[in-house]
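Structural description and commentary
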Amino acid sequence: RDPAYQQARAAGQIGEQPDGYLGFVTSPSKEVRDIVTDINIKRKAAYTNNAPAGSTVEQFAFATGCNLIAKTKPGEKYQAPDGRWLTRDSGAPVRDTRCP
């Protein structure tokens, strides 16, 4: 990954959202915005191509978002179901009750 992406993630400027996409915790620089936009476009394409039969792209993206939030590391940001940005600690992240 791009060092600017890693730096922005480590600095808590961006984080995982329940919808399966990256979001901005703070106002990003143009470079970080461009990187996140590119990643989110690639994620959308992957969700579109890999959504199983009987599942919508949004449902597949949500399930993936649940997994991405579960995989965050302590110190990284993620969005709770109520929209608050939280910092992952050593415990389990706060996830939507619909998460598998």
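Bear in mind the structure is a predicted one, so any value in this text is a computation, not a measurement.

**As for the overall build of the protein chain**
Within the protein chain, the secondary structure is distributed over 3 helices and 4 strands. Along the protein chain, helices and strands appear, N-terminal first, in the series α-β-β-α-α-β-β. On C-alpha atoms alone, the protein chain measures out to a radius of gyration of 13 Å, which is about the 13 Å that the 2.2 N^0.38 rule sets for 100 residues. Overall, the protein chain is about 40 × 30 × 20 Å in size when its C-alpha atoms are taken along their principal axes. The buried share among the 100 residues of the protein chain stands at 38%.

**Examining the packing of aromatic side chains**
Scanning the model with the defined rule gives 2 aromatic pairs in all. With a centroid separation of 5.4 Å and an interplanar angle of 75°, the aromatic rings of Tyr21 and Tyr47 are classed as edge-to-face. Note that Tyr21 is positioned in the loop between β1 (14–16) and β2 (22–24) and Tyr47 in helix α2 (residues 30–50), a separation of 26 residues in sequence. Overall, the relative accessible area of 16% leaves Tyr21 in the buried class. By relative accessible area, Tyr47 is classed as buried at 4%. A centroid spacing of 6.0 Å and a plane angle of 80° characterise the contact between Tyr47 and Phe60, whose relative ring orientation is edge-to-face. With Tyr47 in helix α2 and Phe60 in helix α3 (residues 57–70), this pair connects stretches of sequence that are 13 residues apart. Members of the aromatic cluster, each reached through a chain of ring pairs, are Tyr21, Tyr47 and Phe60.

**Observations concerning α2**
With 21 residues, α2 should reach 30 Å at 1.5 Å per residue; the first-to-last C-alpha distance of 30 Å fits that figure. Those residues of α2 lying buried are Val32, Ile35, Val36, Ile39, Asn40, Arg43 and Tyr47. End-on view of α2: buried residues confined to an arc of 130°, all on one side of the axis. Exposed and oriented more than 90 degrees from the buried face of α2 are Lys30, Ile41, Lys42 and Asn49. The inward-facing, buried residues of α2 abut α1 (3–10), β1, β2 and α3.

**What about α3?**
With 14 residues, α3 extends 20 Å between its outermost C-alpha atoms, agreeing within 8% with the 20 Å of an ideal straight helix rising 1.5 Å per residue. Those residues of α3 lying buried are Ala61, Phe62, Gly65, Cys66 and Ile69. Down the axis of α3, the buried set is contained in an arc of 145°. They therefore lie on one face.

**Points about the state of the cysteines**
By the definition in use, this model includes 1 disulfide. Here Cys66 engages in a disulfide with Cys99; their sulfurs sit 2.0 Å apart. Taking the torsion about the sulfur-sulfur bond, which here is approximately -75°, the covalent link between Cys66 and Cys99 counts as left-handed. Placement of the pair is Cys66 in helix α3 and Cys99 in the segment after β4 (85–87), with a sequence separation of 33 residues. Accessibility classification places Cys66 together with Cys99 in one group, the buried group.

Cut-offs applied
Residues numbered from 1 in each chain as written. Predicted model: local features only at pLDDT ≥ 70, side-chain atom pairs only at ≥ 80, totals over all residues. Heavy atoms only, no water. Helix = DSSP H or I, 4+ residues; strand = E, 2+ residues; numbered from the N terminus. Rg over C-alpha atoms; globule rule 2.2 N^0.38 Å. Buried < 20%, exposed > 50% of the residue type's maximum accessible area, 1.4 Å probe, protein only. Phe/Tyr/Trp six-rings, centres within 6.5 Å; stacked < 30°, edge-to-face > 60°. Expected span 1.5 Å × (residues − 1). Arc of directions from axis to C-beta. Contact = heavy atoms within 4.5 Å. Disulfide = S-S within 2.5 Å.

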